[in-house]
Amino acid sequence: MNTKKLTFVDLFAGAGGLSLGLEQAGFEVIFANEINPVCAETYLYNRKLSRNNMYIGDINDLLNSIDNYKDILSDVTLVCGGPPCQGFSFANRQRIIDDPRNKLYKSYLNFLSFVKPQFFIMENVKGMAKKIDEILEDFYNKLGKNYDIAFEILNAKDFGVPQNRERLIVIGNKVGISSKEIFREMDNYKKAKQFTLGQAILDLPRLEPNKYKNNTDYEDDFCGYFEKEYTYKNTPFTTFINNHRKINKIYNHKSRYNNERDIKIFSLLPQGGNSLHPSIKDIMPYKSRNNIFKDKYYKLSQNDICKTITSHMKFDCNMYIHPTQARGLSPREAARIQTFPDDYIFKGSQNSWYMQIGNAVPVKLAEVIGKCILKTIKK
């Protein structure tokens, strides 16, 4: 097969976790789409992609003007993306393919039918697998029978990501190979030993909660900085996420404000303890609704992997309490758990950093997917 420049397009690109993993695998991004301007700013800041090659706006508006980009999109190796599909969430009992919230999934298919890439990757919530027969039928109806399509639920923890994160991955290709074989190739990248949360974050500078309410711009040696000179320890995990590169600054490592009650709860809870733990029963603010709010507070365990990082962290980090410090995780710590390298910089407000990180595809999971596709191309 011709192995000229291997290009890809990222739809619903977010802060760029999926793109970065594919870039680390050997692909080159030539076009991206993202509706959120702050996410787009982060995406562009961390790579050399021209602003003209990123459509910042609704994908349906992009589709309405797609002919303007036909030269850029004329010979694309791969299209990837994770269209938001809340209708397939396990929290939603009406998991039907025509749920209005799934229109972006249809838009993703419309883009594929226009570009007709050699490969495509769709990443989504695990619950989407409940309707996989309808989904595959929709793919074939839109794309024809030229594509061989397979899917699996992958857990990022199996590939070195220190986090329990299950996602549905759909891979298709029109180059005459079995997409199932791409997934089988991924078995060779599974790691027998997992990185723990402690190995991922405990080498970073200690932080105290921000003492000033409603002042996220405040910085000092106690609550951290957006950017500061820093000498990292050389650990197996930093080597893993930074790809043996030496980095001399720390970014986005800031704590947020917490009131005195929460700080006390953070201090009293043992690792692995949640809102029902007896150590905080006297000060737990939701006693009458403990069954509902049992995970309102949760202290992470340094010797285990992390629970799934989510965008809820933009509201508070009470479900992501640092294992050894009386505070929630910092954005940089969350980014490490998502296996972003230490020099990947998140733009916008501090709360938006959490949103961008929580919505991202773990970089090292994306890299494995990219490498396995690349191996099939080079055969």
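Residues numbered from 1 in each chain as written. Predicted model: local features only at pLDDT ≥ 70, side-chain atom pairs only at ≥ 80, totals over all residues. Heavy atoms only, no water.

J.: Honestly, the side chain of Thr 77 in this entry has me stumped. Any pointers?
T.: Structurally, Thr 77 is set in the loop between helix H3 (59–64) and strand E4 (78–81). Setting aside its immediate chain neighbours within four residues, Thr 77 contacts Lys 5, Leu 6, Thr 7, Phe 27, Pro 117, Gln 118, Phe 119 and Ile 377. (Helix = DSSP H or I, 4+ residues; strand = E, 2+ residues; numbered from the N terminus. Contact = heavy atoms within 4.5 Å.)

J.: Before we go on, may I ask you to explain the packing of aromatic side chains in this structure?
T.: Aromatic rings considered in pairs are described by the distance between their centres and by the relative angle of their planes. Applying the stated criterion across every chain, the model contains 15 aromatic pairs. An angle of 55 degrees between the planes, with centres 5.1 Å apart, marks the rings of Phe 31 and Tyr 69 as tilted. Taken together, the residues span a long stretch of sequence, with Phe 31 in strand E2 (residues 28–34) and Tyr 69 in the loop between H3 and E4 at a distance of 38 residues. With respect to burial, Phe 31 and Tyr 69 carry one shared label: buried. Through a chain of ring-to-ring contacts, three or more aromatic side chains come together here, namely Tyr 105, Phe 120, Phe 139 and Tyr 147. Over the aromatic face of Tyr 140 sits the side chain of Lys 145, whose NZ or CZ is 4.6 Å from the ring centroid. Here the guanidinium or amino end of Lys 307 rests over the ring plane of Tyr 320, the centre of that ring lying 5.3 Å away. (Phe/Tyr/Trp six-rings, centres within 6.5 Å; stacked < 30°, edge-to-face > 60°. Buried < 20%, exposed > 50% of the residue type's maximum accessible area, 1.4 Å probe, protein only. Lys NZ or Arg CZ within 6 Å of the ring centre and 35° of its normal.)

J.: When you look at the pattern of salt bridges in this model, what are you seeing that I'm missing?
T.: On inspection of all chains with the given rule, the structure shows 23 salt bridges. A salt bridge links Arg 327 to Glu 333, with the shortest nitrogen-to-oxygen separation between them at 2.8 Å. Given a relative accessible area of 1%, Arg 327 falls into the buried group. Overlapping salt bridges bring together Glu 152, Arg 184, Asp 187 and Lys 190 as one network. (Salt bridge = Lys/Arg side-chain N within 4 Å of Asp/Glu carboxyl O.)

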